[in-house]
Amino acid sequence: KANADYSSAVCEGLVYGCSKNERIFALDAKTGQKVWETNIGSSFKASPAIYQDTILLACENCKLYSLNSKTGCIVWEFIAEDVLLSSPAVGDGIAYLLAGGRYLYSLDMAKGTKKSDYFIDSSSVSSPVYANGTLYLGSTDGKLYSIELDIEKNFLQRDRESITHYILVIEGEAVSSPAVASGYVLVGTKKGFLYCCSSGREE
């Protein structure tokens, strides 16, 4: 009953979607029947992300919500220091959240507590992507960032440090999310280029 400009997420026979009337809902993938609906109370700019039995939803009120994927009940919320415009990435029980285009958080998925935060060396509206212990992120400065996480999944060792790791210089802004598959990373740019490179970090 309202516009939906965001991608849906699908997991275990359920389709999760959002609408501009500040609601997130789950539908049976075979029948289209609504399973649950939750009023978040804020508008969205990003698509929902799924990890195990959890849905993560970044909202324009600077909050990241964690919901139970089976019931739609809110489990916890995290307040960021700036606007949330992209979807979070999730891996190994850690959520990675970009706020204000430059501020990168790692959060405990179970509790919603902050583990660490860093600045990237550019601005970004791209959603980060997690794969095999590495976080990939497009940016507006013509770089594809490749952030190798430490053994505790805290990025680097010092909070508020600037992250400058990247594996590829590209022509144009990368505003969409990278895709990772079969050992390769693909990223598109506003100038109409599609780049493909090895997911291994290069000097």
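Remember, predicted model here, so these are calculated numbers, not experimental data. (Residues numbered from 1 in each chain as written. Predicted model: local features only at pLDDT ≥ 70, side-chain atom pairs only at ≥ 80, totals over all residues. Heavy atoms only, no water.)

Peer 1: Tell me about the packing of aromatic side chains, and please be specific about residues and values.
Peer 2: In total, this model carries five aromatic pairs according to the counting rule given. Judged by centre distance (6.1 Å) and plane angle (40°), the ring pair of Y16 and W36 falls under tilted. Linking Y16 in strand β2 (residues 14-19) with W36 in strand β4 (residues 34-39), this pair joins segments that are 20 residues apart in sequence. Among the residues examined, W36 registers a relative accessible area of 7% and is labelled buried. Each ring, one from F193 and one from Y195, has its centre 6.1 Å from the other, and the planes form 40°; the classification is tilted. A residue is classified by how much of its surface remains accessible, and F193, at 39% relative accessible area, is partly exposed. Members of the aromatic cluster, each reached through a chain of ring pairs, are F78, Y103 and Y105. (Phe/Tyr/Trp six-rings, centres within 6.5 Å; stacked < 30°, edge-to-face > 60°. Helix = DSSP H or I, 4+ residues; strand = E, 2+ residues; numbered from the N terminus. Buried < 20%, exposed > 50% of the residue type's maximum accessible area, 1.4 Å probe, protein only.)

Peer 1: So, the pattern of salt bridges: which residues are in play, and what are the values?
Peer 2: The full count for this structure, using the stated rule, is six salt bridges. Between K63 and E77 there is a salt bridge, with the nearest N and O atoms lying 2.9 Å from each other. Of this pair, K63 sits in strand β7 (residues 63-68) while E77 sits in strand β8 (residues 74-79), placing them 14 residues apart in sequence. Taken together, the shared-partner salt bridges connect R23, K34 and E37 into one network. (Salt bridge = Lys/Arg side-chain N within 4 Å of Asp/Glu carboxyl O.)

Peer 1: Which residues make up the environment of E12, and what values do they have?
Peer 2: Looking at where E12 falls in the secondary structure, it is placed in the loop between β1 (9-11) and β2. Considered as a pair, E12 and A29 are 17 residues apart in the sequence and their alpha carbons are 8.8 Å apart. At 2.9 Å, the side chain of E12 and the side chain of K70 are in polar contact. (Polar contact = N/O pair within 3.5 Å; in protein donor to acceptor, adjacent residues only side chain to side chain.)

Peer 1: How would you sum up a nonpolar patch on the surface? Please name residues and give values.
Peer 2: Taken together, the side chains of L85, V125 and V175 define a hydrophobic patch exposed on the protein surface, amounting to about 200 Å² of accessible area. Residue placement: V125 occurs in the loop between β12 (114-120) and β13 (129-131). (Patch = residues over 30% accessible without salt bridge, like charges linked within 9 Å, V, L, I, M, F, W, Y side chains within 5 Å. Areas by Shrake-Rupley, 256 points an atom, 1.4 Å probe, with all protein chains shown as cover.)

Peer 1: Got a sec to walk through the sheet that holds β2? Specific residues and values, please.
Peer 2: Taken in spatial order, the four strands make up an open sheet running β1-β2-β3-β4, and their pairing is antiparallel. The open sheet is flanked by β1 and β4, the only strands paired with a single partner. With strand direction ignored, the average angle separating the axes of adjacent strands in the sheet is 20°. Relative to strand β3 (residues 23-28), β2 runs antiparallel, the two sharing six bridges. Bridge pairing in β3 links G17 to F25. (Pairing = 2+ DSSP bridges. Axes fitted to C-alpha atoms, helices over the stretch in contact; angles between N-to-C directions.)

Remember that the coordinates give geometry; whether it matters functionally is a separate question.
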